[in-house]
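Inside the fold
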Amino acid sequence: MKRADQYWARKACTNMIKNYLAFFLLLTVTTASAHGPVPARLTGSDLVRVGLTDSDTSAGGTARLCEQVTFSRGLRYGESEQNVLDVATSANKADISQPVLVFVGGDTFTGDTVAPDLSREVQDQAMCFAVHNGMIGVRVNYRLAPAATWPTGATDVAAALSWLHQNIDLFKGDVREIVAVGYGAGAFHVASLLAHPELQADQADVAAVVLVSGIYRAGKDASDSEKAYFGTDASQYDKRSIFPGILTIDEPIVLAWGAGDPAHLVSQGEALKDALCAAGHCPRTTILRGRDGIAAAFGLDGSGDSLAEPTLLLVRQLEARGLP
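Everything quoted here is computed from the prediction, not taken from an experiment. Per chain, residue numbering runs from 1 following the sequence as it is written. Where local features are concerned, this predicted model is filtered to residues with pLDDT of at least 70; where side-chain atom pairs are given and counted, the filter is 80 or more; whole-chain, interface and lining totals use all residues. Neither water nor hydrogens contribute to the side-chain values; these are computed over all heavy atoms in the structure.

**Digging into the overall build of the protein chain**
Threshold: In DSSP terms, a helix is any run of H or I states spanning at least four residues, a strand is any run of E spanning at least two, and both are numbered starting from the N terminus. Contact criterion: two residues are considered in contact whenever any of their non-hydrogen atoms come within 4.5 Å of each other. The Shrake-Rupley method, run with a 1.4 Å probe sphere, supplies the accessible areas, and residue values consider only the shown protein chains as cover.
A tally of regular secondary structure across the protein chain gives 9 helices and 9 strands. Expressed as a percentage of contacts within the protein chain between residues at least 6 apart in sequence, the contacts between residues at least 24 apart total 78%. For the protein chain, the exposed area adds up to about 14500 Å²; of that, 51% sits on carbon and sulfur atoms.

**Focus on the packing of aromatic side chains**
Test applied: Stacked, edge-to-face and tilted labels apply to pairs of Phe, Tyr and Trp rings (six-membered ring for Trp) whose centres lie within 6.5 Å, assigned for plane angles under 30 degrees, over 60, and everything in between, in that order. Exposure is judged per residue with a 1.4 Å probe applied to protein chains only, and the accessible area is read against the type maximum: over 50% gives exposed, under 20% gives buried, and values in between give partly exposed. Counting as a charge over the ring demands two things of the Lys NZ or Arg CZ atom: a distance within 6 Å of the ring centre and an angle within 35 degrees of the ring normal.
Using the criterion set out here, one finds 7 aromatic pairs in the structure. Ring geometry for Phe-109 against Tyr-229: centres 5.0 Å apart, planes inclined by 10 degrees, an arrangement best described as stacked. Linking Phe-109 in the loop between β4 (98-104) and α3 (116-132) with Tyr-229 in helix α6 (residues 224-230), this pair joins segments that are 120 residues apart in sequence. Like Tyr-229, Phe-109 is buried. With a centroid separation of 5.3 Å and 70 degrees between ring planes, the pair formed by Phe-109 and Phe-230 is classed as edge-to-face. Placement of the pair is Phe-109 in the loop between β4 and α3 and Phe-230 in helix α6, with a sequence separation of 121 residues. For the pair formed by Phe-109 and Phe-230, the shared burial category is buried. Through pairs of rings, three or more aromatic residues link up here, namely Phe-109, Phe-188, Tyr-229, Phe-230 and Tyr-237. Over the aromatic face of Phe-71 sits the side chain of Arg-73, whose NZ or CZ is 4.0 Å from the ring centroid.

**Section: the pattern of salt bridges**
Note the threshold: A pairing counts as a salt bridge when a side-chain nitrogen of Lys or Arg comes within 4 Å of a carboxyl oxygen of Asp or Glu.
Throughout the structure, instances matching the rule amount to 6 salt bridges. For Asp-156, the salt bridge is made with Arg-143, and the minimal N-O distance between the two is 2.7 Å. Placement of Asp-156 in helix α4 (residues 152-167) and of Arg-143 in the loop between β5 (136-140) and α4 is noted, with a sequence separation of 13 residues between them. Residue Asp-156 is classed as buried on the basis of its relative accessible area, which comes to 3%. The residue Arg-217 makes a salt bridge to Asp-238 at a minimum N-O spacing of 3.6 Å. Of this pair, Arg-217 sits in the loop between β7 (208-212) and α6 while Asp-238 sits in the loop between α6 and β8 (253-258), placing them 21 residues apart in sequence.

**Some points on the state of the cysteines**
Filter applied, for reference: What counts as a disulfide here is a pair of cysteine sulfur atoms lying within 2.5 Å.
Under the definition given, this model contains 2 disulfides. With a sulfur-sulfur separation of 2.0 Å, Cys-66 is cross-linked through a disulfide to Cys-128. Taking the torsion about the S-S bond as the criterion, the Cys-66 to Cys-128 disulfide, at about 100 degrees, is right-handed. In this pair, Cys-66 is assigned in the loop between α2 (62-65) and β2 (69-76) and Cys-128 in helix α3, connecting sequence segments 62 residues apart. When its relative accessible area of 7% is taken as the criterion, Cys-66 is described as buried. The disulfide partner of Cys-277 is Cys-282, and the S-S distance across this bridge is 1.7 Å.

**Quick look at the packing of α4 against helix α5 (residues 185-195)**
Filter applied, for reference: Between the N-to-C directions of two axes lies an angle of 0 to 180 degrees, each axis being a line fitted to C-alpha atoms and, for a helix, fitted only over the stretch in contact. For classification purposes, angles smaller than 35 degrees are called roughly parallel, those larger than 145 roughly antiparallel, those between 65 and 115 roughly perpendicular, and all remaining angles oblique. Just so you know the grouping, Ala, Val, Leu, Ile, Met, Phe, Trp, Tyr, Cys and Pro go in nonpolar, Asp, Glu, Lys and Arg go in charged, and all remaining residues, Gly too, go in polar.
Where α4 contacts α5, the two axes come as close as 8 Å, and the packing angle between them is 80 degrees. Taken together, the axes of α4 and α5 are roughly perpendicular relative to one another. Across the interface between the two elements, Gly-153, Ala-154, Val-157, Ala-158 and Leu-161 of α4 pack against His-189, Ser-192 and Leu-193 of α5. Looking at side-chain class alone, the contact of α4 with α5 contains 5 nonpolar, 3 polar and no charged residues.

**Quick look at the pairing of strand β6 (residues 173-183)**
Where a strand is regular, its side chains alternate between the two sheet faces. Note the cut-off: Each pair of strands is called paired provided DSSP finds at least two bridges between the two strands.
Among the 11 residues that make up β6, 9 are buried, leaving the element largely enclosed by the rest of the structure. The pairing of β6 with β7 spans 5 bridges and is classified as parallel. Considered in β7, the bridge of Ala-180 is made with Val-209.

**Topic: the confidence of the model for the protein chain**
Our working rule: How sure the predictor is of each residue is captured by pLDDT, a score from 0 to 100.
Scored by pLDDT, the protein chain has a mean of 78; 71% of the residues are at 70 or more. Looking at the elements of the protein chain, mean pLDDT is at its lowest for helix α8 (residues 294-297), recorded as 32, and at its highest for α6, recorded as 97. pLDDT under 50 marks residues 2-39. Its contacts with residues more than four places away, or in other chains, come to 80 contacts. Under a pLDDT of 50 for its full length, residues 44-59 has, in the predicted model, 30 contacts with residues more than four places off or in other chains.

**Regarding the nonpolar core**
Put simply, the rule is: For the purposes of this section, nonpolar cores are sets of buried Ala, Val, Leu, Ile, Met, Phe, Trp, Tyr and Cys residues that join through side-chain atoms within 4.5 Å.
Counting 56 residues, the largest nonpolar core has Leu-85, Val-138, Leu-211 and Ile-246 as its most contacted members. Among the elements that take part in this core, α5 stands out by supplying 8 residues, more than any other. When sequence neighbours within four positions are dropped, the list of residues in contact with Leu-211 reads Gly-182, Ala-187, Val-190, Ala-191, Tyr-216, Ile-253, Val-254, Leu-255, Ala-256 and Leu-272. Counting residues in each nonpolar core, the second largest holds 28 residues, with Phe-71, Val-181, Val-210 and Leu-318 among its members.

**Quick word on helix α7 (residues 263-278)**
We count it as follows: To estimate the expected span of a helix, count its residues, drop one, and scale the result by 1.5 Å.
Between its terminal C-alpha atoms α7 stretches 22 Å, which fits the 22 Å expected from 16 residues at 1.5 Å a residue. The secondary structure elements touched by the buried residues of α7 are β7 and β8. One or two steps after α7, the chain reaches Gly-280, where phi turns positive at roughly 80 degrees.

Next comes the structure, spelled out in structure tokens:
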């Protein structure tokens, strides 16, 4: 491809990402329906074409965004009914392996959400966005507190990543270019997995992570949701945090939080950034602007920063480094 063509291709991709990558921040865990176990190694017959019927034809409408996308729903990676994941791929089969964006969401450790149907729709939009930008989209569901306590979230994510290492090539995903995007409680689970090698499953590594508005060390002011996951014994919180293990990892990190996030979330993000920088592993950081609406909060109106450009840059750097 000529240099000019490459430039305009990147320009078009960047513009699309500015419009849609903000949906990553709204990812939440949904409760999965019961599914029977699937083989450790899948076949092409497991792919299921999904027709989306919403009538919204705006740029972010699910039907519009998910045209020519194939989903495999509820693929079992563990023993629990909640140990399922979805994979979204292009209906037009790719000729080369593609980067994989793995979404691990969760408003809280107990999975509370006021609009589960909307959350599911937004998750689908995020996955379809990934597909239409030359990537594979994966959504991971995991067990929730209080039934599942620390470190279940991290071990479930590890099991899901191990499953992807065994199977994502069947979807034309590149195991060398898996980027885990964690939001809220999901950000802790992703970071905790990296910080605690003892929690990692066989072949559960990722190439990079994006951590958004997470709790990285619970404190004496822990919320009821945090206590449901970490327990009520505050003397255990430091040991169950991501410190100091997160300071020794090699994977690139994009770190984000909202300017309008609650003060404790902002301080959690700032503390993690400062600690990583002091350890010589400064993350690329984005502060998301506003909370008065989705356009202002995620920069879709051009008034503030978003995760679009740093995440795109991260993925393209992984592609360009030419891993053997």
